[in-house]
Amino acid sequence: MMKFLSKVGEYARDAVQAAKYIGQGMMVTFDHMRRRPITVRYPYEKLIPSERFRGRIHFEFDKCISCEVCVRVCPINLPVVDWEYNSEIKKKELKSYSIDFGVCIFCGNCVEYCPTNCLSMTEEYDLSTFDRHELNFDNVALGRLPTKVTEDPLVTPIRELAYLPKGVLEGHKADHRERRAGKLPVEIIEETQATTGN
Amino acid sequence: MVMIETKAERMVINMGPHHPSMHGVLRLIVTLDGENIVDCEPVLGYLHRSMEKIAENRTIVQYLPYVTRWDYLATMFTEAITVNAPEKLADVPVPRRASYIRMMMLELSRIASHLLWLGTFIADIGAQTPFFYVFREREMIYDLFEAATGMRMMHNYFRIGGVAADLPYGWLDKCEDYCKYQLEKIDEYERLITNNPIFRKRVEGVGKISREDAINWGLSGPMLRASGVKWDLRKVDHYELYDELDWEVQWATEGDCLARYLVRVGEMRQSCKMILQAIKQIPGGSYENLEAQRVLAGPKSEWNSLDYQFISKKPSPTFKIPAGEHYVRVEAPKGELGIYLIGENNVFPWRWKIRPPGFINLQVLPQLVRGMKIADIMAILGSVDIIMGEVDR
Ligand code: SF4
Ligand code: SF4
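Residues numbered from 1 in each chain as written. Chains lettered and ligands numbered in written order. Predicted model: local features only at pLDDT ≥ 70, side-chain atom pairs only at ≥ 80, totals over all residues. Heavy atoms only, no water.

Trainee: Please set out the overall build of chain A residue by residue, giving values where relevant.
Mentor: Helix and strand content of chain A: 5 helices and 7 strands. Counting from the amino terminus, helix and strand elements in chain A follow one another as α-β-β-α-β-β-α-β-β-α-β-α. Judged by the C-alpha coordinates and their principal axes, chain A covers about 110 × 60 × 35 Å. Relative to its full complement of 198 residues, chain A shows a buried share of 37%. Within chain A, contacts between residues at least 6 apart in sequence are counted, and of these 65% link residues at least 24 apart. (Helix = DSSP H or I, 4+ residues; strand = E, 2+ residues; numbered from the N terminus. Buried < 20%, exposed > 50% of the residue type's maximum accessible area, 1.4 Å probe, protein only. Contact = heavy atoms within 4.5 Å.)

In structure tokens:
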């Protein structure tokens, strides 16, 4: 009889323990009822790509010197530099330049190593097409600029964490024009000059 | 009374390669006796992309974008090891500031990896909710990465002799915000998970591995530390500047799935603390402060010396790997990630052997699941923390 009772007691204790911890877990779950969703409703709201975002590559035809460094540093030697040596001006003449964005992995090596800075990365990331060959951009297509998220009247721009004001952790909570975290170097200079008195 | 003799035939079933709770494309051939597992054989190679061979005809600069595809959840570590190997061979100095930036990036990456592990592990066991919580926090790390490196996952940020670019304006402030927030959230996960009786029943005493076995199988990372070996390469090898931070190796002695869970959660906490310290200690402080000091003190000041640079010298595309061979390793979230590099004074490495932690940790799986119930496979596999991209390379 005693054995049975202690068994029942043990069982009850276990049940109470379990109920307690599950209750504790449920508290965390219910706590989410007073939080905002953090998801971004994409076509209506868009995240502003970061300043260093590596999107579709922009190319300036006139700056290129056909040195082919971009080809050499690319993991798959992707950029196609079509040039001809012009013996009159003793220079290489660029005829056409193309990058196939169906193959490019947006690593940014070509942009980093180009000696004349004629390549740069834009913030364009929505590159889907119906035919993959449409992604093979020639120098005209590479020279186009994408539209900015902030200038699109149909879209609510939302900033990413690193660009929010200090202390704000959700993009929805701050307007995208509000000042981001961090002081400007000029301000730091002024402050130190004010405190040191010179 | 007639007794029906039930002697079940052994059954061989196939799990994967596209199992819903399988981590990547891994196939398990499981021999079952009723519900009990008699044997289990992992079949790998579905994600093999010959990463080692590709390295043999790529310069380091060209190869760097590839490496984030080994372990695509702890991307910074693969980059760190890829630049560390030639760096050590060629004796390239790394400025202190660059080293601090690297440490912060590595620890953020560790948190991201452990967070995702936590989500999938708990989801494997049957709780879906924490999966979404961890993704919310992981997203913030990726936002920070995107601001500093330009990409969320495929950073291409580490360079021989430092990093590709200094931190952006205000990044340190936001990183600090994030770490404080994350510490609170880890408490929240623990409230939700650690003492949950269902979770406890599923993981306690499951997938046990003893200290000796763990060492003999060559396990590393949280797998090894959960079995009672206090072995963390950050303390053992003294690489980067981890010695300047105040932190403790997380370890446990039980060697079961629960111990591995606790070790990883503890590591997330430690990582947050390490980043918070690094933010305070980084030479030159934030980028904006460094800029201001440079303007104030003029061009010849100490602020322009090597310690305050983010890279010692921009590597040329024709960086030659000197002749020689050696092995370098870092403590990745999954364990010891190493490279055995043989150079022959050429721009291409002669041999680039990768020691992926997931591959070595996965081999112990058959031993762990033998004698367990079939439902435990997922819990055990989850607790090993493998990423098939890294296992198959
Ligand atoms: S590296 Fe720049 S300048 Fe040289 S070929 Fe490429 S795009 Fe032209
Ligand atoms: S971004 Fe990378 S993959 Fe694309 S063209 Fe440039 S170097 Fe090649």
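Further notes follow.
Trainee: Summarise the sheet that holds strand 1 (residues 11-15) of chain B; cite the residues concerned and give the values.
Mentor: Residues and elements named next belong to chain B. Across the sheet, which stays open at both edges, the 3 strands sit in the order 1-2-3 with antiparallel pairing between neighbours. At either end of the open sheet lies a strand with only one pairing partner, and these are strand 1 and strand 3 (36-43). Strand after strand, the sheet turns through a mean of 20° between neighbouring axes, direction not considered. Examined bridge by bridge, strand 1 and strand 2 (residues 27-33) share 5 bridges and lie antiparallel to one another. Looking at the pairing, valine 12 lines up with threonine 31 of strand 2. (Pairing = 2+ DSSP bridges. Axes fitted to C-alpha atoms, helices over the stretch in contact; angles between N-to-C directions.)

Trainee: How would you sum up the sheet that holds strand 4 (residues 91-100) of chain A? Please name residues and give values.
Mentor: Strand order in the open sheet formed by 3 strands is 3-4-6 (chain A), and the pairing between neighbours is antiparallel. Because the sheet does not close on itself, it has two edges, and the strands there are strand 3 (80-86) and strand 6 (136-137) of chain A.

Trainee: Give a description of the nonpolar core that names residues and reports values.
Mentor: Formed by 124 residues in total, the largest nonpolar core has its most connected members in B:Tyr63, B:Trp70, B:Met105, B:Leu167, B:Trp171, B:Tyr178 and B:Trp352. Residue contributions to this core peak at 15 residues, all from helix 4 (residues 96-125) of chain B. Core analysis: the second largest hydrophobic core is formed by 26 residues, A:Cys70, A:Leu78, A:Leu94 and A:Met121 among them. (Core = buried A, V, L, I, M, F, W, Y, C linked by side-chain atoms within 4.5 Å.)

Trainee: An account of the site of ligand 2 is requested, with residue identities and associated values reported.
Mentor: Ligand 2 sits among A:Ile57, A:Cys74, A:Pro75, A:Leu78, A:Cys104, A:Ile105, A:Phe106, A:Cys107, A:Gly108, A:Asn109 and A:Cys110. Residue classes in the shell around ligand 2 are distributed as 9 nonpolar, 2 polar and no charged. (Near = heavy atom within 4 Å. Nonpolar A, V, L, I, M, F, W, Y, C, P; charged D, E, K, R; others polar.)

Trainee: Tell me about the pattern of salt bridges, and name the residues and values.
Mentor: If you walk through the whole model with that rule in mind, you get 43 salt bridges over all chains. Salt-bridge contacts for A:Asp31 lead to A:Arg35; the nearest nitrogen and oxygen are separated by 2.5 Å. Residue class for A:Arg35 comes out partly exposed when judged on its relative accessible area of 23%. A salt bridge links B:Glu188 to A:Arg35; the shortest N-O distance between them is 3.0 Å. (Salt bridge = Lys/Arg side-chain N within 4 Å of Asp/Glu carboxyl O.)

Trainee: Give a description of the site of ligand 1 that names residues and reports values.
Mentor: Surrounding ligand 1, one finds 14 residues, the nearest of these being A:Cys64, A:Cys67, A:Glu68, A:Cys70 and A:Cys114. Looking at side-chain class alone, the shell around ligand 1 contains 11 nonpolar, 2 polar and 1 charged residues.

Trainee: So, the side chain of A:Glu45: which residues are in play, and what are the values?
Mentor: Tracing the backbone shows A:Glu45 in strand 1 (residues 45-47). The contacts of A:Glu45, once residues within four sequence positions are left out, are A:Thr39, A:Val40, A:Val155, A:Thr156, A:Ile158 and A:His172.

Trainee: Please set out the interface of chain B and chain A residue by residue, giving values where relevant.
Mentor: In this complex, chain B contributes 50 residues to the contact, which on the side of chain A involves 47 residues. Where chain B abuts chain A, roughly 4,300 Å² becomes buried across the two surfaces, and 57% of that area is made up of carbon and sulfur atoms. Applying the counting rule to chain B against chain A returns 4 salt bridges. Between chain B and chain A we count 22 residue pairs in polar contact (both at pLDDT 80 or more) in total. At the level of secondary structure, the elements contributing two or more residues to the side of chain B that touches chain A comprise helix 2 (60-67), helix 5 (129-149), helix 6 (171-193) and helix 12 (287-297) of chain B. Ranked by residue count, the leading element in the side of chain B that touches chain A is helix 6 of chain B, at 11 residues. Looking at side-chain class alone, the side of chain B that touches chain A contains 24 nonpolar, 9 polar and 17 charged residues. (Buried area = accessible area lost by both parts, 1.4 Å probe. Polar contact = N/O pair within 3.5 Å; in protein donor to acceptor, adjacent residues only side chain to side chain.)

Trainee: Got a sec to walk through the confidence of the model for chain A? Specific residues and values, please.
Mentor: Scored by pLDDT, chain A comes out at a mean of 84, with 99% of its residues at no less than 70. Taking the mean pLDDT of every element in chain A, the minimum, 78, falls on helix 5 (residues 185-196) of chain A and the maximum, 90, on strand 2 (residues 57-59) of chain A. (pLDDT = per-residue confidence, 0-100.)

Trainee: Before we move on, can you summarise unusual backbone geometry with the specific residues and values?
Mentor: Residues other than glycine predominantly adopt negative phi, and peptide bonds predominantly adopt the trans conformation. One non-glycine residue with positive phi stands out, namely A:Glu68, at about 70°. As for its position among the elements, A:Glu68 is in the loop between strand 2 and helix 2 (69-73). Looking at A:Glu68, the relative accessible area reads 29%, which means it is partly exposed. Even without glycine at this site, B:Asn345 takes up a positive phi of about 55°. By the element assignment, B:Asn345 lies in the loop between strand 7 (335-343) and strand 8 (351-355). Overall, the relative accessible area of 49% leaves B:Asn345 in the partly exposed class.

Trainee: Which residues make up a nonpolar patch on the surface, and what values do they have?
Mentor: Residue and element names in this part refer to chain A. A contiguous nonpolar surface patch, about 610 Å² in accessible area, is contributed by Met1, Met2, Phe4, Leu5 and Val8. Among the structural elements, leucine 5 can be located in helix 1 (residues 2-31). Leucine 5 sits in the partly exposed class, given a relative accessible area of 47%. (Patch = residues over 30% accessible without salt bridge, like charges linked within 9 Å, V, L, I, M, F, W, Y side chains within 5 Å. Areas by Shrake-Rupley, 256 points an atom, 1.4 Å probe, with all protein chains shown as cover.)

Trainee: Quick one: what's the story with the confidence of the model for chain B, residue by residue and with numbers?
Mentor: Counting all residues, the mean pLDDT for chain B is 84, and 97% of those residues have values of 70 or more. At the level of chain-chain contacts, confidence expressed as ipTM amounts to 0.82, with global pTM at 0.86.

Trainee: Can you lay out the packing of aromatic side chains for me, pointing to particular residues and giving the numbers?
Mentor: Going through the model one piece at a time under the given rule, you end up with 18 aromatic pairs over all chains. On the basis of an interplanar angle of 90° and a centroid distance of 5.1 Å, the ring pair of A:Phe101 and A:Phe137 is categorised as edge-to-face. Residue A:Phe101 is located in the loop between strand 4 and helix 3 (109-113), and its partner A:Phe137 is located in strand 6; the two are separated by 36 residues in the primary sequence. Here A:Phe101 matches A:Phe137 in class, with each residue buried. Aromatic pair B:Phe131 and B:Phe132: ring centres 5.9 Å apart, planes at 85°, arrangement edge-to-face. Relative accessible area serves as the criterion here: at 55%, B:Phe132 is assigned to the exposed category. Put simply, the rings of B:Tyr63, B:Tyr66, B:Trp70 and B:Trp352 touch in pairs and so form one group of aromatic residues. The ring of B:Trp247 carries the charged tip of B:Lys235 above its face, separated from the ring centre by 4.3 Å. Sitting above the plane of the B:Phe359 ring, B:Arg393 keeps its charged end 5.7 Å from the centroid. (Phe/Tyr/Trp six-rings, centres within 6.5 Å; stacked < 30°, edge-to-face > 60°. Lys NZ or Arg CZ within 6 Å of the ring centre and 35° of its normal.)

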